[in-house]
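Each chain is listed here by its residues.
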Amino acid sequence: MGDTRGRRAPWVTAVVAAMLLAAPSAVADEGLATGAVSRYVLDAKRTTVKASIRLELRNVTPDRGNTYYFYNAFAVPVPAGAEKVRARSNGRSLSVSLRPTDDASTRLARITFPNLLYDRSRTIELTFEVPGEKPRSKDSTRVGPGYASFAVYGVGDEGRNRVEVVAPSAMSFDATSEAFSSAESGGSTTWTATENDPDGGFFAVVSLRDPKQVDERTVDVAGTSLILSGFTDDTKWGDFVADKVTTGIPVLEKLVGTPWPGGLERIREDAAPSVYGYDGWFDPSDDEIVVGEQLDADLIFHELSHAWLQGDRFDERWVSEGLAQVVAERAIRVTGGEVRTHPTVSPTSKDNLPLNEWGSAERSGDVDAYAYPAAYRATAAVTKGLDDAAFAEVVRAAIRGERAYDAAGTRDPDGGRTTWARWLDLLETRAGVEDAASVFARWALTDDEKERLPTRAQERTAYAALDTADGAWLPPDGLRDAMTSWDFERAASVRAKIEALGARAVAVQDAAKRVGTEVPDVIRDAYEKAEQDEQYAALATSLPKAATAVTAVGEARRAARADRDPLSELGAAVLGVDGRAVEAVDLLGEGRLDEATAAAREVTDRADRSLLVGLAVPLCLFLLLAGGLLLARRVLAGRRRRAQLLAQERERLLAGLTPTAPS
């Protein structure tokens, strides 16, 4: 059975075992010794239960003088729909009359017989058949194709009482009593109980089910397929559940703020929940929801909600159950259904307990009867002021196991489950529910837990002041972790070490605003993720450096991006202003503060000199060009002179003159 139980149902059964005494003078001061073997056999083919109760009665009230005592009637509880009720003794039929009780599912079969005098015995065989009623009848007895649910009674004295239930071995067996043991033979299993209840006699409701005799259909919704497994003679249940699943899951996704998580394969109709006193349950171990025959949208939505709100995400049972019921109620309103009326309970009600002590290890009908509606009322009280969007936001955070003091959406690196303390923190910190602590104190907390609330309130006030003092940043993780774990002594110690850092953190943020930039993640992370003393100490130096670096880099970026005239643009390009500015930004993003500051100041200095450099570049180019032209002219003139001399030399040679060397 899964550890997440559904809402408890009010199973009320009047167990009446009456013995009618007739005497001419006085009521007997001693009773009637009774032995009984009660046998209930399920006839699966005929869909009926055949019952026989063998009574051994002996009058043990001695006569007193002229007064004698006798019994002439005995009453046995039988299912209200019992048919063919007959009694025989000593080969003769006895008169049997059926009388109503306060329970619609039970009647009394009153057997009359001749006077049974002192020390006399009588054996009576009572037989009857139980056909069962149709689904959703007032009488809760059911006997249908592949399933049955009915009450069994044992009316014998301690040590002389035996109850047997016989059914095909293929059928599962559930009962309100743990006294049954089983033995299989020839394809049938006999479940036997021989222990009496504390009040005498024996009573139990049993449920039998053949998993192969079902009406199955598949519903596709939210990207998954769910199998609906109902009784073969109750197609109305399948139609109803299919409709609620199809319309409900998309609504539930919005109400809890996360997509359908999976982990559910089947929704099964079964009488077993009512046997245990519940409407239904979500069983994560078998990936199924098990509910009774009732057509209850609130119940379907409640159990579907447990796909998100499982016990493996919440430490306290009341938190997951209370949330599941509030989610179901909101889904009912969204889909236009009728909201269920819950039992009226208060922390002073009978069987009350602090909800933090409500566990699931042992079932207690009286405790559950208080705890389920109490969990609902406590959860409804702390969420009543939240609209669906705000409700979804805080529930999503709880499902994800987020820490209230982290930024929304931040997953806990330790993967923590949501305890009642974390749930309280989320309600107050994320959702702004001001009276959450008082509601918790009224419904859920033990005396020791209540004693911690004043210190918590003081530390939360101090935390809020520090959180305001450091601007838009979150306080360091060391403080947030201490607050999350309710380690308020450590929280006070950490706060004393980091209080002076708030102004320095704000200085970094203000510097970024002044220069129109964002504080790099590495700088903010160094503050928000600090959790050790040496990290706090380092921040005292690094934060002022960060403010200086942010200012310098911001000014450098502004200088690099400034509009320039053509000459200044030329100078900036020559000086590498833009490239150096990018380097400064990168250095800052890496947390290399001193290098970033130096690079940024270099950028600013180069930007200031860009016009002069821009002017110098064309002048240098002009001078270079002029010099080049002059040199070219001289080269050309020299070449012409040499050409002339060579021409003259050729002429002399042709004239036979002696060549002369050129000067």
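These numbers were taken from a predicted model, which means no experiment stands behind them. Throughout this description, residue numbers start from 1 for each chain and increase along the sequence as written. Selection of residues for local features in this predicted model requires a pLDDT of at least 70, selection of side-chain atom pairs for listing and counting requires 80 or more, and totals for whole chains, interfaces and linings are taken over all residues. The side-chain numbers reported here are obtained from all heavy atoms of the structure, hydrogens and water having been left aside.

Asker: Explain the overall build of the chain here, please?
Answerer: Per the convention used, a helix needs a DSSP run of H or I reaching at least four residues, while a strand needs a run of E reaching at least two, with both numbered from the N terminus. Counting its regular elements, the chain contains 19 helices and 21 strands. As a reference, a globule follows 2.2 Å times the number of residues to the power 0.38, and the radius of gyration itself is taken over C-alpha atoms. Taking 26 Å as the expected radius of gyration for a compact globule of 663 residues, we find that the chain reaches 45 Å, considerably beyond that expectation. With the principal axes as the frame, the chain shows a C-alpha extent of 185 × 70 × 40 Å. Taking the intrachain contacts of the chain between residues at least 6 apart in sequence as the baseline, contacts between residues at least 24 apart amount to 69%. When the accessible surface of the chain is totalled, it reaches about 32,000 Å², and 50% of it is carbon and sulfur. Averaged over its 81 positive side-chain charges, the chain has a centre that lies 5 Å from the centre of its 101 negative ones. Contacts were defined at the residue level, with two residues in contact if any of their heavy atoms lie within 4.5 Å. Areas reported here follow the Shrake-Rupley algorithm with a probe of radius 1.4 Å; residue values treat only the protein chains shown as occluding. Positive charges are assigned to Lys and Arg, negative charges to Asp and Glu, while His and the chain termini are left out of the count. To locate a charge, the coordinates of NZ of Lys, CZ of Arg, CG of Asp or CD of Glu are taken.

Asker: Before we go on, may I ask you to explain the packing of aromatic side chains in this structure?
Answerer: For any pair of aromatic rings, geometry is given as the distance between the ring centres together with the angle between the planes. The pairing test for Phe, Tyr and Trp rings, Trp by its six-membered ring, is centres within 6.5 Å, and the orientation test on the planes gives stacked under 30 degrees, edge-to-face over 60, and tilted for anything in between. Following the criterion strictly, the structure yields 17 aromatic pairs and no others. In this structure an aromatic cluster arises from ring pairing among Phe173, Phe180, Trp191 and Phe202.

Asker: How should the pattern of salt bridges be read in this particular structure?
Answerer: Pairing is possible between side chains that carry opposite charge, provided their charged atoms lie close to one another. Salt-bridge detection follows one rule: a side-chain nitrogen of Lys or Arg within 4 Å of a carboxyl oxygen of Asp or Glu. Under the defined criterion, the tally for this structure stands at 46 salt bridges. Here Arg317 ties to Asp368 by a salt bridge, and the two come within 3.8 Å at their closest N and O atoms. Of the two residues, Arg317 sits in helix H4 (residues 317–334) while Asp368 sits in helix H5 (residues 365–383), which places them 51 residues apart along the sequence. On the accessibility criterion, Arg317 (10% relative accessible area) is buried. On the basis of relative accessibility, which here comes to 2%, the residue Asp368 falls in the buried class. Where Asp525 meets Lys529, a salt bridge forms, and the shortest distance between an N and an O atom there is 3.9 Å. Think of it in three bands: residues with accessible area under 20% of the maximum for their type are buried, residues over 50% are exposed, and the middle band is partly exposed, with areas taken using a 1.4 Å probe on protein chains only. On the accessibility criterion, Asp525 (29% relative accessible area) is partly exposed. In this structure Lys529 comes out as exposed when scored by relative accessible area, which is 55%.

Asker: Looking at this structure, how should I read the pairing of strand S11 (residues 147–154)?
Answerer: A regular strand places its side chains so that they alternate between the two faces of the sheet. Counting buried positions over the eight residues of S11 gives eight, a clear majority of the element. Should DSSP find at least two bridges between two strands, the strands are regarded as paired. Inspection of the sheet shows strand S10 (residues 142–144) paired to S11 by three bridges, in the antiparallel sense. Following the sheet pairing, Arg142 is matched in S11 by Ser149. Remark: two residues form the turn of the hairpin made by S10 and S11, two consecutive strands paired antiparallel; Gly146 in that turn has positive phi of roughly 85°. Where S11 and strand S16 (residues 202–209) come together, eight bridges link them in antiparallel fashion. In the sheet register, Val152 faces S16, and the bridge partner there is Ala204.

Asker: Explain helix H18 (residues 593–608) here, please?
Answerer: Because an α-helix packs 3.6 residues into every turn, residues spaced three or four apart end up facing the same way. To estimate how far a helix should extend, the number of its residues minus one is multiplied by 1.5 Å. Here H18 spans 23 Å end to end across 16 residues, near enough to the 22 Å set by a 1.5 Å rise per residue. Buried residues of H18: Leu593, Ala596, Thr597, Ala599, Ala600, Val603 and Ala607, and no others.

Asker: It is not clear to me how the packing of helix H15 (residues 533–561) against H18 should be interpreted in this structure. Could you clarify?
Answerer: Angular values range over 0 to 180 degrees, each being the angle between N-to-C directions of two axes fitted as lines to C-alpha atoms, with helices fitted over their stretch in contact. At their nearest, the axes of H15 and H18 sit 8 Å apart, and the two run at 30° to each other. In terms of axis orientation, H15 runs roughly parallel to H18. The chirality of how H15 crosses H18 is left-handed. Across the interface between the two elements, Ser542, Lys545, Ala546, Thr548, Ala549, Ala552, Val553, Glu555, Ala556 and Ala559 from H15 touch Leu593, Asp594, Ala596, Thr597, Ala600, Arg601, Val603, Thr604 and Ala607 from H18. Its residues assigned to classes, the contact of H15 with H18 comprises eleven nonpolar, four polar and four charged. Relative orientations are named as follows: roughly parallel for angles under 35 degrees, roughly antiparallel for angles over 145 degrees, roughly perpendicular for angles from 65 to 115 degrees, and oblique for any other angle. If you view the pair so one helix is near and one far, a crossing is left-handed when the near helix is turned anticlockwise from the far one by less than a right angle, and right-handed when it is turned clockwise. Amino acids outside the nonpolar list (Ala, Val, Leu, Ile, Met, Phe, Trp, Tyr, Cys, Pro) and the charged list (Asp, Glu, Lys, Arg) are all regarded as polar, and Gly is one of them.

Asker: How should the environment of Ala151 be read in this particular structure?
Answerer: Position of Ala151 among the secondary structure elements: in strand S11. Judged by its relative accessible area of 13%, Ala151 is buried. Spatially, the C-alpha atom of Ala151 lies 8.5 Å from that of Ser105, the residues being 46 residues apart in sequence. Excluding its chain neighbours within four sequence positions, the residues that come into contact with Ala151 are Tyr40, Pro79, Phe203, Ala204 and Val205.

Asker: Looking at this structure, I do not really get the nonpolar core. What am I missing?
Answerer: Inside soluble globular proteins, nonpolar side chains tend to come together where they are buried. Within the largest apolar cluster, 126 residues are counted, with the highest numbers of intra-cluster contacts made by Val245, Leu304 and Leu355. With twelve residues, the top contributor of residues to this core is H15. Excluding anything up to four places from it in sequence, Leu304 contacts Val245, Ile249, Leu252, Trp260, Leu264, Ile267 and Ile289. Throughout this description, the term nonpolar core refers to a set of buried Ala, Val, Leu, Ile, Met, Phe, Trp, Tyr and Cys residues connected via side-chain atoms within 4.5 Å. Counting 48 residues, the second largest nonpolar core, distinct from the first, contains Ala82, Leu116, Leu208 and Val275.

Asker: I keep staring at the side chain of Glu303 and nothing clicks. Help me out?
Answerer: Relative to the elements of secondary structure, Glu303 occurs in helix H3 (residues 297–305). Engagement of the side chain of Glu303 in a polar contact is seen with the backbone nitrogen of Phe282, the distance being 3.2 Å. Definition of a polar contact: a pair of N or O atoms within 3.5 Å, with one able to donate and the other able to accept a hydrogen when the atoms are protein atoms, and with sequence-neighbouring residues admitted only if both atoms are side-chain atoms.

Asker: Looking at this structure, how should I read the pairing of strand S17 (residues 215–221)?
Answerer: Pairing of S17 with strand S18 (residues 224–230), which is carried by seven bridges, proceeds in the antiparallel orientation. If you follow Val221 over to S18, its bridge partner there is Thr224. Where S17 hands over to S18, the hairpin turn is made up of two residues, of which Ala222 adopts a positive phi near 55°.

Asker: Help me understand the environment of Leu587 in this model?
Answerer: With respect to the helices and strands, the residue Leu587 is situated in helix H17 (residues 577–589). According to the relative accessible area criterion, Leu587 is buried, its value standing at 11%. Between the alpha carbons of Leu587 and Ala496 there is a distance of 32 Å; along the sequence they are 91 residues apart. With residues up to four places along the chain from it excluded, the contact list for Leu587 reads Arg592, Glu595, Ala596 and Ala599.

Asker: It is not clear to me how the environment of Ala600 should be interpreted in this structure. Could you clarify?
Answerer: With respect to the element layout, Ala600 can be found in helix H18. Taking the C-alpha atoms as reference, Ala600 lies 7.9 Å from Ala549; in sequence the two are 51 residues apart. Contact partners of Ala600, with chain neighbours within four places excluded, come to Ala552, Val553, Ala556 and Ala584.

Asker: Sorry, what's going on with the side chain of His306 here?
Answerer: Summarising the element assignment, His306 is placed in the loop between H3 and H4. For His306, a relative accessible area of 0% puts it in the buried group. Looking at His306, its side chain comes within polar contact range of the side chain of Glu321, at 3.3 Å.

Asker: What should I look at first to understand the sheet that holds S16 in this one?
Answerer: Sheets are built from strands paired through backbone hydrogen bonds, the pairs being either parallel or antiparallel. As summarised here, the arrangement of the four strands in space is S10-S11-S16-S13, forming an open sheet in which the pairing is antiparallel. Each of the sheet's edge strands pairs with one partner strand only, and the pair in question is S10 and strand S13 (172–175). On average, adjacent strands in this sheet sit at an angle of 30° to one another, irrespective of strand direction.

Asker: Would you take a moment to explain the confidence of the model for the chain for this structure?
Answerer: pLDDT gives the predictor's per-residue confidence on a scale running from 0 to 100. When pLDDT is averaged along the chain, the result is 88, and 90% of the positions lie at 70 or above. Confidence over residues 1–29 falls short of pLDDT 50; this stretch has 91 contacts with residues more than four positions distant or in other chains.

Asker: Looking at this structure, I do not really get unusual backbone geometry. What am I missing?
Answerer: Glycine aside, residues mostly have negative phi angles, and peptide bonds mostly take the trans form. Of note in this structure, Asp119 is not a glycine but carries a positive phi near 65°. The residue Asp119 is located in the loop between strand S8 (106–116) and strand S9 (121–130) in this model. By relative accessible area, Asp119 is classed as partly exposed at 42%.

Asker: Just checking my understanding: could you explain a nonpolar patch on the surface for this structure?
Answerer: A surface patch of nonpolar side chains, amounting to about 420 Å² of accessible area, comprises Leu567, Leu570, Val574, Leu612 and Leu615. Contributing elements (two or more residues each) for the nonpolar patch: helix H16 (566–575) and helix H19 (610–654). In this fold, Leu567 is placed in helix H16. Within the patch definition used here, like charges are joined within 9 Å and nonpolar side chains (Val, Leu, Ile, Met, Phe, Trp, Tyr) within 5 Å, considering only residues with over 30% relative accessible area and no salt bridge.

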